[in-house]
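# Commentary on secondary and tertiary structure
As a plain string of letters, each chain reads:
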Amino acid sequence: MEKLQKMVSEKPVVIFSKNSCCMSHSIKTLFVDFGVNPTIYELDEINRGKEIEQALAQLGCSPTVPVVFIGAQLVGGANQVMSLHLNRSLVPMLKRVGALWV
């Protein structure tokens with residue numbers, strides 16, 4: 001859990017993902033299309049990916065990918081991110097943490 005906290009606090013936007021997950025791809029594409037440069041951890045490719053996935057599950061993330069942190073705060077998965085986007089809250093949130101300047 002400590003390692004997870006360190007990972008999410010180092011960059012404004014952190015996405016935990018798996019290459020095999022289509023929703024992960026959609027969320028990564030959304031952020032990149034906004035002009036955000038998120039830090040992406042592919043849990044199926046990195047060392048200790050299973051351990052990190054278990055830590056995400058302990059935080060209540062279900063499913064465990066994709067999971068987005070903005071400003072070191074857990075936003076949630078694809079449903080939560082899309083809800084923020086549709087109600088126009090996502091862009092201001094990204095601006096507040098310095099991930100987006102426009």
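None of these values were measured; they are calculated from a predicted model.

## What about the side chain of Lys-18?
Looking at the secondary structure, you find Lys-18 in the loop between β1 (13-17) and α2 (22-34). By relative accessible area, which is 18% here, Lys-18 ends up buried. Those residues in contact with Lys-18 that sit more than four places away from it in its chain are Ser-24, Glu-42, Leu-43, Asp-44, Glu-53 and Val-65.

## Digging into the pattern of salt bridges
Enumeration according to the criterion identifies four salt bridges in this entry. The salt bridge partner of Lys-18 is Glu-53, with a shortest N-O separation of 3.1 Å. With Lys-18 in the loop between β1 and α2 and Glu-53 in helix α3 (residues 49-58), this pair connects stretches of sequence that are 35 residues apart. Glu-42 serves as the salt-bridge partner of Lys-28, at 2.7 Å between the closest nitrogen and oxygen. Of the two residues, Lys-28 sits in helix α2 while Glu-42 sits in strand β2 (residues 39-42), which places them 14 residues apart along the sequence. Just as Lys-28 is buried, Glu-42 falls in that class too.

## Here's the deal with the packing of helix α1 (residues 2-9) against α3
Taken N-terminus to C-terminus, the directions of α1 and α3 make an angle of 90 degrees; their axes are 9 Å apart at the nearest point. Relative to α3, the element α1 is oriented roughly perpendicular. Residue-level contacts link Lys-3, Leu-4 and Met-7 of α1 to Ile-52, Ala-55 and Leu-56 of α3.

## Brief notes about the packing of aromatic side chains
Each aromatic ring pair is summarised here by two numbers: the centre-to-centre distance and the angle between the ring planes. Per the stated rule, a full pass over the model turns up two aromatic pairs. Arranged with centres 5.4 Å apart and planes meeting at 20 degrees, the rings of Phe-16 and Tyr-41 form a pair that is stacked. Here Phe-16 is found in strand β1, whereas its partner Tyr-41 is found in strand β2, with 25 residues between them in sequence. Among the residues examined, Tyr-41 registers a relative accessible area of 18% and is labelled buried. For the ring pair Phe-16 and Phe-69, a centre distance of 5.9 Å and an interplane angle of 80 degrees mean the geometry is edge-to-face. One end of the pair, Phe-16, is in strand β1; the other, Phe-69, is in strand β3 (residues 67-70), with 53 residues separating them in the sequence. Judged by its relative accessible area of 0%, Phe-16 is buried. Each residue in the set Phe-16, Tyr-41 and Phe-69 is aromatic and connected to the rest through ring pairs, giving one cluster.

So, how was this worked out
- Residues numbered from 1 in each chain as written.
- Predicted model: local features only at pLDDT ≥ 70, side-chain atom pairs only at ≥ 80, totals over all residues.
- Heavy atoms only, no water.
- Helix = DSSP H or I, 4+ residues; strand = E, 2+ residues; numbered from the N terminus.
- Buried < 20%, exposed > 50% of the residue type's maximum accessible area, 1.4 Å probe, protein only.
- Contact = heavy atoms within 4.5 Å.
- Salt bridge = Lys/Arg side-chain N within 4 Å of Asp/Glu carboxyl O.
- Axes fitted to C-alpha atoms, helices over the stretch in contact; angles between N-to-C directions.
- Parallel < 35°, antiparallel > 145°, perpendicular 65-115°, else oblique.
- Phe/Tyr/Trp six-rings, centres within 6.5 Å; stacked < 30°, edge-to-face > 60°.

Everything listed is a geometric property; what it means functionally is a separate question.
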